[in-house]
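Architecture and fold: a report
Each chain, written out:
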Amino acid sequence: MSPTFVGMPPFPQAAGRAVNNAQLRHNLHKATHTIRDKRRTVVAEQPDWVALRAAGAALKNRVLRHLDDHLERLERAVERAGGHVHWAADAAEANRIVLDLVRATGETEVVKVKSMATQEIGLNEALAEAGVTAYETDLAELIVQLGDDRPSHILVPAIHRNRAEIREIFRRAMASWGRPAPDDLTDDPRALAEAARLHLRERFLSAKVGISGANFAVAETGTLVVLESEGNGRMCLTLPETLISVVGIEKLVPTWQDLEVFMQLLPRSSTGERMNPYTSMWTGAAEGQDFHLVLLDNGRTNVLADTVGRQALRCIRCSACLNVCPVYERAGGHAYGSVYPGPIGAILTPQLRGFGSELDESLPYASTLCGACYDVCPVAINIPEVLLHLRAEVAESGAHKGEKLAMGAARRVLSSPGLLAAGQRTAGRLRKLTPRRLPGPLAAWTDTRDIPAPPPQSFRDWWASREEKK
């Protein structure tokens, strides 16, 4: 995973700072509610949405069951079409492959169309260390890059910024990356988009190397597919003489017929549109371009080995789960410490990285388990189920020892009628001594709730006395 997020504090600490930022909460609330309302409208128009959702889940499950066969089929198809396929076991290997390919061209600048896989492996940072500058061309990614920021949303990485903030970022930083922002730049969306278009146009026309990801890879033909809304992807994919695509091994669909299902699911779930404005597809070395496909594992085969957690690999990166999540809406994406924020990040990130840090151990707990994410997921990933599964793994790993001891004691008491009755009677007698706040590390639980006072008489005792009076 990306070194950008190394050293992030556990989720509760990071989220605690975020919820105190009123401007951030306002920006997130406005953006997520706008997208979710649009999604609700266009999904309701689709009479077979439930069937499409089930088909998408079934297709992804089939891919995961036979992933090795589909990957080999994809490799053969890409090579038949004149492309080159490279296999990367982890982030370091993927970065080395891409850097070697860029160096072979003699170029020191590349343009990128938004790719979460390259953010996952920290490609921009790796290229910068080697003297190669990567220019983001997606508008939101450009805002993040110019602002020396981190993405906070899967679909809209700069969702935490408002128009006034974006204007100031453009005025302050554009000149150091290329064409400066106009002196009279306002925060009107059209003016901001025009400033970005003029800034990026010189990059599109001069860049010899393009780097992309892919939303889907069709194993049948070796075709890669990118869906985007601005046209920058089309420029990055067609103008450079060398194109390098970094794609997670789970992004496969077996056939063109299968792709049709996801072309209906993804736009509606992500942007609330019936279809996305730009769909780019290319197969191998199109129009004489030198094409390289880097297939990235980086922990995905470990996820595949988990019979419960593997459903996270069905994700098509639509971000619908983020837009309905009450935790994400208040904490924002940065608190998750990963390029994958929100509910899907809470289950995918710790599986890819393991539980090697306090941050990763905390992510499965970054949820209310309300289930809204499961309801809107277009490929029916049962995120609450995976969260509970991962919480059990965290507990078994030795973390949260206090919680484990408490649950063990509770199990002993609840499995013994005598102990339970004695405990209830004792609590009833001492009910006036019930504290309003718990001490030490348990205090966080009572920051937002009171401890309920035990009843003076337990149900068992009440029932027994009632029977005696008969």
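Presented here is a report on the structure given in the accompanying data block. All values derive from a computational prediction rather than experimental measurement. (Residues numbered from 1 in each chain as written. Predicted model: local features only at pLDDT ≥ 70, side-chain atom pairs only at ≥ 80, totals over all residues. Heavy atoms only, no water.)

1. Points about the layout of surface pockets
Approximately 1200 Å³ is the volume found for the second largest pocket. Forming the boundary of the second largest pocket are 28 residues, of which Phe11, Pro12, Tyr365, Ala444 and Trp445 lie nearest the centre. No other element matches the five residues that helix H1 (residues 11-18) contributes to the lining of the second largest pocket. Of the residues assigned to the lining of the second largest pocket, the class counts are 14 nonpolar, eight polar and six charged. (1 Å grid on protein atoms, 1.4 Å probe; cavity = no way out; pocket = protein on both sides within 12 Å on 5 of 7 lines; lining within 4 Å. Points joined across faces, edges and corners; volume = space filled by probe spheres on them. Helix = DSSP H or I, 4+ residues; strand = E, 2+ residues; numbered from the N terminus. Nonpolar A, V, L, I, M, F, W, Y, C, P; charged D, E, K, R; others polar.)

2. A word on unusual backbone geometry
Unlike most non-glycine residues, Glu287 shows phi in positive territory, near 55 degrees. Structurally, Glu287 can be placed in the loop between strand S9 (278-283) and strand S10 (290-296). For Glu287, a relative accessible area of 81% corresponds to the exposed category. Positive phi, close to 55 degrees, is recorded for Asn298, a residue that is not glycine. Within the secondary structure, Asn298 is located in the loop between S10 and helix H13 (300-304). (Buried < 20%, exposed > 50% of the residue type's maximum accessible area, 1.4 Å probe, protein only.)

3. Focus: the packing of helix H3 (residues 49-65) against helix H12 (residues 256-270)
For the pair H3 and H12, interaxial distance at closest approach is 10 Å and the crossing angle is 120 degrees. For the element pair H3 / H12, the angle class is oblique. Of the two elements, H3 crosses H12, and the hand of that crossing is left-handed. On H12, the residues touching Trp49, Leu52, Arg53, Ala55, Gly56, Leu59, Lys60 and Arg62 of H3 are Asp258, Val261, Phe262, Gln264, Leu265, Arg268 and Ser269. (Axes fitted to C-alpha atoms, helices over the stretch in contact; angles between N-to-C directions. Parallel < 35°, antiparallel > 145°, perpendicular 65-115°, else oblique. Left-handed = near helix turned anticlockwise from the far one by under 90°. Contact = heavy atoms within 4.5 Å.)

4. Focus: the pattern of salt bridges
Within the structure shown, the criterion is met by 19 salt bridges. With a shortest N-O distance of 3.7 Å, Arg96 and Asp100 are connected by a salt bridge. You can see Arg96 and its partner Asp100 sitting in helix H5 (residues 91-105), four residues apart, about one turn around the helix. Residues participating in the shared-partner salt-bridge network are Glu120, Glu250, Arg300 and Arg317. (Salt bridge = Lys/Arg side-chain N within 4 Å of Asp/Glu carboxyl O.)

5. What about the nonpolar core?
For soluble globular proteins, nonpolar side chains are generally found buried alongside one another. Phe11, Phe170, Phe216, Leu293 and Ile347 are the most contacted members of the largest nonpolar core, which totals 102 residues. Setting aside residues up to four positions removed in sequence, Phe11 forms contacts with Val327, Ala331, Ala335, Tyr336, Leu359, Ser362, Leu363 and Ala366. By size, the runner-up hydrophobic cluster in this structure holds 21 residues, among which are Ala94, Val110, Val209 and Ile244. (Core = buried A, V, L, I, M, F, W, Y, C linked by side-chain atoms within 4.5 Å.)

6. Describing the packing of aromatic side chains
For the structure shown, the criterion picks out eight aromatic pairs. Geometrically, the ring pair formed by Trp462 and Trp463 is tilted, given 6.0 Å between the ring centres and 55 degrees between the ring planes. The class for Trp463 is partly exposed, based on a relative accessible area of 40%. Connected via pairs of aromatic rings, a cluster forms that spans Phe11, Tyr328 and Tyr336. When the ring centre of Phe262 is taken as reference, the NZ or CZ atom of Lys60 above it lies at 5.9 Å. The residue whose ring lies beneath Arg203 is Tyr135, and the NZ or CZ to ring-centre distance is 3.9 Å. (Phe/Tyr/Trp six-rings, centres within 6.5 Å; stacked < 30°, edge-to-face > 60°. Lys NZ or Arg CZ within 6 Å of the ring centre and 35° of its normal.)

7. Re the sheet that holds strand S3 (residues 133-136)
Reading across from one edge, S1-S10-S7-S4-S2-S3 is the order of the six strands in this open sheet, with parallel pairing throughout. Looking at which strands have only one partner, the edges of the open sheet turn out to be strand S1 (84-88) and S3. Shown here is a sheet whose adjacent strand axes are inclined to one another by a mean of 25 degrees, direction ignored. Two strands pair when backbone bridges link them, and strand S2 (residues 109-112) and strand S4 (residues 209-212) are joined in this way by two bridges, in the parallel orientation. Residue pairing across strands places Val111 opposite Gly210, the latter belonging to S4. (Pairing = 2+ DSSP bridges.)

8. Section: a nonpolar patch on the surface
Where nonpolar side chains cluster on the molecular surface, the patch consists of Phe459, Trp462 and Trp463 and spans about 370 Å² of accessible area. As for its position among the elements, Trp462 is in helix H22 (residues 459-469). Since its relative accessible area comes to 40%, Trp462 is described here as partly exposed. (Patch = residues over 30% accessible without salt bridge, like charges linked within 9 Å, V, L, I, M, F, W, Y side chains within 5 Å. Areas by Shrake-Rupley, 256 points an atom, 1.4 Å probe, with all protein chains shown as cover.)

9. Looking at the environment of Thr133
Mapped onto the elements, Thr133 comes out in strand S3. Taking the C-alpha atoms as reference, Thr133 lies 6.3 Å from Thr108; in sequence the two are 25 residues apart. Setting aside residues no more than four positions away along its own chain, Thr133 makes contact with Thr108, Glu109, Val110 and Trp177.

10. Side note on the pairing of strand S6 (residues 223-228)
The element S6 is largely enclosed, with a buried count of six among its six residues. Of the two faces of S6, both are covered, the one formed by Thr223, Val225 and Leu227 as well as the one formed by Leu224, Val226 and Glu228. Here strand S5 (residues 216-218) runs beside S6; their pairing, made up of three bridges, is antiparallel. Counterpart to Ala217 in the pairing with S6 is Leu224. In sequence, S5 turns back onto S6 through a hairpin of four residues, with Gly222 there showing a positive phi of about 80 degrees.

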